[in-house]
Amino acid sequence: MSLLAQVHEFDLATFVAEAPITVTPEPLPRATGQDTRPLRAGYAGHLIRIANKLQERARRDPAVAEKLDANEKWLEFARTTLEECNRNDDIEGWECGRPSQDFTREEEDA
C-alpha cells in the first residue's frame, strides 16, 4: 500500500494528529510530593518520526501535500505540537550545546 493510500484510506494524518503526546502518570499509593508533570508517551517519538516523514513526503509529492493541506487537524498538529517537538528535540539548538558522548563518570579518590 502506498503512502498516499495510507494517508487517504487509513487517515494517517488524523491518527497522528489526534494521538496523545503526553500521559499523566497515576501516583503511587504511598508516594508523597511526587512530580505530577505529564510524561511524554512512550510512542510519541514514533509518531513524531511518522509525522516528519509525512511532511518530507508532502514536499516531494503534490498528492500527499494536497491531502495533508485539506486536513485541519493535521495542520493544527503540524503548526503546534510537531513544530514544538522538533524544536525541543533539536540538540544543536540547545543553549547548553550538544551533550558529550562520554557518559562515564570518573570516581573520586577516597
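Structural data are supplied above this passage.
Residues numbered from 1 in each chain as written. Predicted model: local features only at pLDDT ≥ 70, side-chain atom pairs only at ≥ 80, totals over all residues. Heavy atoms only, no water.

1. Points about the packing of helix α3 (residues 44–60) against helix α5 (residues 72–89)
- One way to put it is that α3 packs onto α5 with a least axis distance of 11 Å and a crossing angle of 120°. Classified by the angle between their axes, α3 and α5 sit oblique to one another. Handedness of the α3/α5 crossing: left-handed. On α5, the residues touching I48, A51, N52, L54 and Q55 of α3 are W74, F77, A78, L82, C85 and N86.
- Looking at the contact of α3 with α5 residue by residue, the class counts come to 8 nonpolar, 3 polar and no charged. (Axes fitted to C-alpha atoms, helices over the stretch in contact; angles between N-to-C directions. Helix = DSSP H or I, 4+ residues; strand = E, 2+ residues; numbered from the N terminus. Parallel < 35°, antiparallel > 145°, perpendicular 65-115°, else oblique. Left-handed = near helix turned anticlockwise from the far one by under 90°. Contact = heavy atoms within 4.5 Å. Nonpolar A, V, L, I, M, F, W, Y, C, P; charged D, E, K, R; others polar.)

2. Notes on the nonpolar core
- In terms of nonpolar packing, the biggest core is built from 20 residues, with V16, L68, W74 and F77 touching the most fellow members.
- Elements with a minimum of two residues in this core: α2 (12–18), α3, α4 (62–69) and α5.
- When residues in this core are grouped by element, the largest group, 6 residues, is from α3.
- Not counting chain neighbours up to four residues away, the residues in contact with V16 comprise L47, I50, A51, W74 and F77. (Core = buried A, V, L, I, M, F, W, Y, C linked by side-chain atoms within 4.5 Å. Buried < 20%, exposed > 50% of the residue type's maximum accessible area, 1.4 Å probe, protein only.)

Shape is all these values report; function is a separate question.
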